[in-house]
Structure formats: structure tokens, C-alpha cells
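# Fold and geometry: a report
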Amino acid sequence: MKVLHIIESLDRSYGGPARSVPLLVKYLNKLGIENKIFSIQMYENEFNDILGSNDIDVVKVKLEGINKIKYSSKLYTEIVKEITNDTIIHVHTVWTYPAYVGFKIAKKYNIPLVVSTRGTIYSWALNQRKFIKNIAMWLFQKDMLITADVIHITEPNEKKALVDIDIYSDTILIPNGIELYNKFDELDDNILYKINYDKSKRYIMFLGRIVHNKGLHFLIDSYDKLKDKYSDVEVLVVGSLED
């Protein structure tokens, strides 16, 4: 089996998928599955510490035109060159050109297609840049979701969000995996200093973009109810502020 993964960007600044997709590939490789990631290179000096240390096969094609579309004329041909009789295409993005290319190739060559929506189909997300997304939905995005062999979701509400826009394709619920290497005591001293780490305390960590759909408000509300009973517990929020 050979899986061709398509993602907008692998730069660390791209957020969660730039880590979760390489980690997925790392462990699929260990299972003896052949993988290759295709990505748009948006910057000259992109950085991703997972790639270099895990022998992950990556093809980057340079961005052409405006950033939001993620277009590159070379992406299509680079993917087609890697097609074999046992290929699966796994698209880890929607709305932009890489998603369209993955859909177009899977349809043309009759290749099984897996789509990871990654929280992009919630109503609040659809209302961001709504005009552009409506165009994409009309041009290819709805057909892509309807004809996908399976849609990968990471939490149950994603299925409801798909049904809300009349997408009834098969879904599979698989949360993103994580690697747990370090304890707090083993982290870099500079990191510990920045978070005011206290060995006498226990921490509940939120790690991710600080946006409404990540559910941080639920964590804060729960902590508010428990903090008096567990005085040695603190909430640590780590992530970029976007909302």
C-alpha cells in the first residue's frame, strides 16, 4: 500500500496539521506502509522538526500566486508521478488548490480518496471568508466530500457538521495521536521559566490555537468549579491567540 498525503503547508507556523500529519506518516511507516507527503512551500526557510528526524518522504512545490489559494502548477504532476496500483490519496485540507488537486487526481485515476476535514466544516468556520468558500463548495468541495471513500473526523461533532450541509459520506472517528516523551522536569529551563513552572503543582495543559471551537471555555469553566478543592492544580494555556 502506498499513501499519498496532501497538505497545504508543513511549516511549523501552519499549526496542528503540520505536526499531526508527519506523526501519522511516521507511525504508518513503522507499519510497513509506504508514504509520501506533498506540500506547498510558502516560505524559503520553512521549519518542521519532525520531518528531519524521522526520515519522512516529502515533496514540496513552490507557491505561485496569492497565499490563500495555495496554488502551484507543479503539484498535480508531482503527485501523478507517484501513483501505483495500490495507491490511496489522503487529503488533509479543504477549500484550497491542494484539496482540489487531490480530488481531481483520485477521480481521474479511480484512486480511493480519504479526506480529513479537521474542523473546517463547522458552521462558524463556514462563515469565515464565506463568499470564497461558497464558490469552492460549488466548484468542487461538495462533490469531493460526497464522493470521498471515507471522511476522517477527529471528534463526533464533525459528523453532525457534515450532515448539516447534506454530506452523508462514510466517516471514521480517529483522534489525532500524540507522542509523550518529556516530563515537565525534563523540559528546557527557558520554557519552564516562561510558564512559571512550580514542581509542587499539578498542571492541566491546553495546547493549541486559542479559538472558539477548541473548547477552551469548557476547560476554564470546569477548572473554576474544581480549583478550591484542588488547590495544587493550575491550568496552563499554550498557543497562539486568534480569537
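Quick summary incoming for the structure in this document. Here the structure is a predicted model, which means the values were calculated and not measured. Here, residues in each chain are numbered from 1, in the same order as that chain's written sequence. The predicted nature of this model means local features are confined to residues of pLDDT at least 70 and side-chain atom pairs, given and counted, to a pLDDT of 80 or more, with totals for whole chains, interfaces and linings taken over all residues. Side-chain measures here rest on the full set of heavy atoms in the structure, leaving out hydrogens and waters.

### Thoughts on the packing of aromatic side chains
Side-chain rings of Phe, Tyr and Trp, where Trp is taken by its six-membered ring, are said to pair if the distance between their centres is within 6.5 Å; with planes under 30 degrees apart they count as stacked, over 60 as edge-to-face, and otherwise as tilted. What the rule picks out here adds up to 4 aromatic pairs. Note on Tyr 71 and Tyr 97: the rings are 4.6 Å apart at their centroids and 65 degrees apart in plane angle, and the pair reads as edge-to-face. Linking Tyr 71 in the loop between strand S3 (58-62) and helix H3 (75-80) with Tyr 97 in helix H4 (residues 97-108), this pair joins segments that are 26 residues apart in sequence. Each residue gets one of three labels from its accessible area relative to the maximum for its type: buried under 20%, exposed over 50%, partly exposed in between, using a 1.4 Å probe on protein chains only. Note on Tyr 97: relative accessible area 16%, which makes it buried. Both rings, one in Tyr 97 and one in Tyr 100, keep their centres 6.2 Å apart while their planes meet at 40 degrees; by these two values the pair is tilted. Of this pair, Tyr 97 and Tyr 100 both sit in helix H4, 3 residues apart, roughly one helical turn. One aromatic cluster is present, built from ring pairs that chain together Tyr 71, Tyr 97, Tyr 100 and Phe 140. The numbering of helices and of strands both runs from the N terminus, where a helix is a DSSP run of H or I of at least 4 residues and a strand a run of E of at least 2.

### Structural notes on the pairing of strand S2 (residues 34-41)
Within S2, 7 of the 8 residues are buried, which leaves it mostly tucked inside the rest of the structure. Relative to S2, strand S1 (residues 2-7) is paired through 6 bridges, and the arrangement is parallel. Its bridge partner lying in S2, Val 3 is registered against Asn 35. At this point the chain moves from S1, through helix H1 (residues 17-30), to the parallel S2, and the crossover so formed is right-handed. For two strands to be treated as a pair, DSSP must find no fewer than two bridges joining them. As paired elements, S2 and S3 share 5 bridges and run parallel to each other. The handedness of a crossover follows from its direction of travel: if, with the strands pointing away from the viewer, the path from the first strand over the helix to the second runs clockwise, the crossover is right-handed.

### Description of the side chain of His 90
Structurally, the position occupied by His 90 is in strand S4 (residues 87-91). According to the relative accessible area criterion, His 90 is buried, its value standing at 9%. Residues adjacent in sequence count toward polar contacts only when both atoms are side-chain atoms; beyond that, a polar contact is any pair of N or O atoms within 3.5 Å, and within protein one must be able to donate a hydrogen and the other to accept it. A polar contact is formed between the side chain of His 90 and the side chain of Ser 116, at a distance of 2.7 Å. Note on contacts: a residue pair qualifies if any of its non-hydrogen atoms lie within 4.5 Å across the two residues. Excluding residues that lie within four positions of it along the chain, His 90 makes contacts with Val 3, Leu 4, His 5, Ile 6, Leu 24, Val 114, Ser 116 and His 152.

### Comments concerning the packing of H4 against helix H6 (residues 130-147)
Lines fitted to the C-alpha atoms define the axes, with helices restricted to the stretch that makes contact. Angles between their N-to-C directions range from 0 to 180 degrees. Look at H4 against H6: their axes get within 10 Å of each other, and the N-to-C directions meet at 50 degrees. Judged on the interaxial angle alone, H6 and H4 are oblique. The two elements H4 and H6 meet at a crossing, and its hand is left-handed. Within the contact between the two elements, H4 uses Ala 99, Tyr 100 and Phe 103 and H6 uses Phe 140, Gln 141, Asp 143, Met 144 and Thr 147. Classifying every residue of the contact of H4 with H6 gives 5 nonpolar, 2 polar and 1 charged. Every angle not falling under 35 degrees, over 145, or within 65 to 115 is termed oblique; those three ranges are roughly parallel, roughly antiparallel and roughly perpendicular. Handedness of a crossing follows from how the near helix is turned relative to the far one, being left-handed for an anticlockwise turn of less than a right angle and right-handed for a clockwise one. When residues are grouped by polarity, Ala, Val, Leu, Ile, Met, Phe, Trp, Tyr, Cys and Pro land in nonpolar, Asp, Glu, Lys and Arg in charged, and all others, Gly among them, in polar.

### Brief notes about the layout of surface pockets
Reported here for the second largest pocket is a volume of approximately 480 Å³. Forming the walls of the second largest pocket are 22 residues, and the residues nearest its centre are Leu 24, Leu 28, His 90, His 152 and Ile 174. At the level of secondary structure, the elements contributing two or more residues to the lining of the second largest pocket comprise H1, S4 and strand S6 (150-153). Of the residues forming the lining of the second largest pocket, the biggest block, 5 residues, is contributed by H1. Residues belonging to the lining of the second largest pocket are distributed by class as follows: 15 nonpolar, 5 polar and 2 charged. A pocket, in this scheme, is an open set of points on a 1 Å grid over the protein atoms alone with protein on both sides within 12 Å along at least 5 of 7 lines, while a cavity is a set where a 1.4 Å probe fits but cannot get out; residues line either one if an atom lies within 4 Å of a point. Grid points are joined across faces, edges and corners, and a volume is the space filled by probe spheres set on the points.

### Regarding the sheet that holds S3
On the basis of which strands lie adjacent, the open sheet formed by 7 strands has the order S3-S2-S1-S4-S5-S6-S7 and parallel pairing. Looking at which strands have only one partner, the edges of the open sheet turn out to be S3 and strand S7 (171-173). Adjacent strand axes in the sheet meet at a mean angle of 20 degrees when their direction is disregarded. Strand direction decides the pairing type here: S4 and strand S5 (residues 113-116), joined by 3 bridges, are parallel. Within S5, the residue paired with Val 91 across the bridge is Val 115. H1 rests against S1, S2 and S4 of the sheet, and its axis sits at about 175 degrees to S1.

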